[in-house]
2 protein chains.
Amino acid sequence: MESKAIHYKRVPKSQVKEAGAKGVQIRWLINKENDGAPNFAMRLFEVEPDGYTPRHSHDWEHEVFILEGEGIAFCSGTETQIKSGFVVFVPPNIEHYFRNTGKRILRFLCLIPNK
Amino acid sequence: MESKAIHYKRVPKSQVKEAGAKGVQIRWLINKENDGAPNFAMRLFEVEPDGYTPRHSHDWEHEVFILEGEGIAFCSGTETQIKSGFVVFVPPNIEHYFRNTGKRILRFLCLIPNK
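Parameters at a glance
Note that residues are indexed from 1 along each chain, following the sequence as it is written. Working convention: letters from A go to chains and numbers from 1 go to ligands, in the order in which they are written. For this predicted model, a pLDDT threshold of at least 70 governs which residues receive local features, and a threshold of 80 or more governs which side-chain atom pairs are given and counted, while totals over whole chains, interfaces and linings are taken from all residues. Runs of H or I in DSSP of at least four residues are treated as helices and runs of E of at least two as strands, each being numbered from the N terminus. We compute the radius of gyration over the C-alpha atoms and compare it with the globule rule, which gives 2.2 Å times the number of residues raised to the power 0.38. As a rule, residues whose C-beta atom has 12 or fewer other C-beta atoms within 10 Å are exposed, those with 20 or more are buried, and those in between are partly exposed; C-beta atoms are placed from the backbone. Known as pLDDT, the predictor's confidence for each residue is given on a scale from 0 to 100. We call two residues in contact when the distance between their C-beta atoms, placed using the backbone, is within 7 Å. Nonpolar residues are Ala, Val, Leu, Ile, Met, Phe, Trp, Tyr, Cys and Pro. Charged residues are Asp, Glu, Lys and Arg, and all others, Gly as well, are polar. In this scheme, strands are said to pair when DSSP sees at least two bridges between them. To superpose the copies, least squares is applied to the C-alpha atoms of every residue with a pLDDT of at least 70 in both. The term nonpolar core means buried Ala, Val, Leu, Ile, Met, Phe, Trp, Tyr and Cys residues held together as one set by C-beta atoms within 7 Å.

Draft legend 1. Examining the overall build of chain A more closely. When helices and strands are counted, chain A shows 1 helix and 10 strands. Helices and strands appear in chain A in the N-to-C order β-β-β-α-β-β-β-β-β-β-β. Against the compact-globule benchmark of 13 Å for 115 residues, chain A has a radius of gyration of 14 Å, which places it among compact chains. Projecting the C-alpha coordinates of chain A onto the three principal axes gives extents of approximately 40 × 30 × 25 Å. Counting every position in chain A, which comprises 115 residues, the buried fraction comes to 40%.

Draft legend 2. The arrangement of the confidence of the model for chain A in detail. In the predicted model, chain A carries a mean pLDDT of 97, and the fraction of residues at 70 or more is 100%. Both scores are given for the predicted complex: the pTM is 0.98, the ipTM 0.97.

Draft legend 3. Here's a closer look at the interface of chain A and chain B. Listed per partner, the contact involves 38 residues of chain A and 38 residues of chain B. In terms of residue count, strand 8 (residues 86-90) of chain A provides more of the side of chain A that touches chain B than any other element does, 5 residues in total. Split into classes, the residues belonging to the side of chain A that touches chain B amount to 25 nonpolar, 7 polar and 6 charged. Here strand 1 (residues 4-7) of chain A runs beside strand 8 (residues 86-90) of chain B; their pairing, made up of 4 bridges, is antiparallel. Paired with A:Lys4 across the two strands is B:Phe89, which belongs to strand 8 of chain B.

Draft legend 4. The relation of the copies chain A and chain B, seen in detail. Superposition of chain A onto chain B requires a rotation of 180° combined with a translation of 0.0 Å along the rotation axis, giving an RMSD of 0.0 Å. What the rotation and shift describe, once combined, is the action of a two-fold rotation axis.

Draft legend 5. Examining unusual backbone geometry more closely. Residues and elements named next belong to chain A. For aspartate 50, which is not a glycine, the phi torsion comes out positive at approximately 70°. Take aspartate 50: it is sitting in strand 4 (residues 40-52). Aspartate 50 sits in the exposed class, given 12 other C-beta atoms within 10 Å. Of note, asparagine 93 is a non-glycine position whose phi angle comes to about 65°, a positive value. Along the chain, asparagine 93 turns up in the loop between strand 8 and strand 9 (96-100).

Draft legend 6. Seen up close, the nonpolar core. Counting 65 residues, the largest nonpolar core has A:Val88 and B:Val88 as the members making the most contacts within it. Sequence-distant contacts of B:Val88, defined by excluding residues within four places in its chain, comprise A:Ala5, B:Val64, B:Ala73, B:Cys75 and B:Ile82.

Draft legend 7. The environment of B:Ser57, seen in detail. Residues and elements named next belong to chain B. With respect to the secondary-structure elements, serine 57 resides in the loop between strand 4 (40-52) and strand 5 (62-68). On the neighbour-count criterion, serine 57 (14 C-beta atoms within 10 Å) is partly exposed. Serine 57 sits 26 residues away from lysine 83 along the chain, and the two C-alpha atoms are 22 Å apart. The contact partners of serine 57, leaving out residues within four places of it in the chain, are Asn93, Ile94, Glu95 and His96.

Draft legend 8. Structural detail: the pairing of strand 6 (residues 70-75) of chain B. Residues and elements named next belong to chain B. Summarising the sheet, strand 6 and strand 7 (residues 78-83) pair through 6 bridges and their orientation is antiparallel. Of the residues in strand 7, the one forming a bridge with isoleucine 72 is glutamine 81. Linkage of strand 6 to strand 7, two consecutive antiparallel strands, is achieved through a turn of 2 residues, within which serine 76 is found at a positive phi near 55°.

Draft legend 9. Expanded view of the environment of B:Glu48. All names here are of chain B. Among the secondary structure elements, glutamate 48 is positioned in strand 4. We classify glutamate 48 as partly exposed; it has 15 C-beta atoms within 10 Å. It is 7.1 Å that separates the C-alpha atoms of glutamate 48 and arginine 104, two residues lying 56 residues apart in sequence. Excluding its chain neighbours within four sequence positions, the residues that come into contact with glutamate 48 are Gly23, Asn100 and Ile105.

Take a look at the structure:
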């Protein structure tokens, strides 16, 4: 297991193909497969204007930090306006999505436990 | 366990008093104690110009994302220049520190597994 320190733009991105996603790309910044990260993974999401992540729930949590842009976080039945500097905690089994309501890319970190 | 979505500046900060730290403040954005986060914790560190975190190692990993400012990440015997957008993975048992070499606050997220 080796340390690393790189700019996120050097990490490849790919389209999120999950049903219910629109205009969402993901970069796996730190994870078990590539880095040997023992407990959890750091991903960076980029959502185009008018794009959104799937409305879904699952039995693991999200720890989210909004880097750039603006939008809505839907969680536990409530929509919250979010922008750079917002922290979002999505507990396991809570329905949620993120939607870009701005004119620029909505960019956020979303961390999940290893499976 | 409840969801939350708030700006990080609403989360209280406190001085890091660990020996070897200079000019470092911490905000526990998401953790087990306050939020019931089941697996890992998100902290935000603010390091003053010329400040630094302790040079140490421990048996858990760090997953780091640089939000603002510039500085040096020391890890595995190597110093890397870091700035906004850099990702740093510090595996367990690797000596490391972060130092602010800029004129503004160095602000970064650092996530750790629950103990």
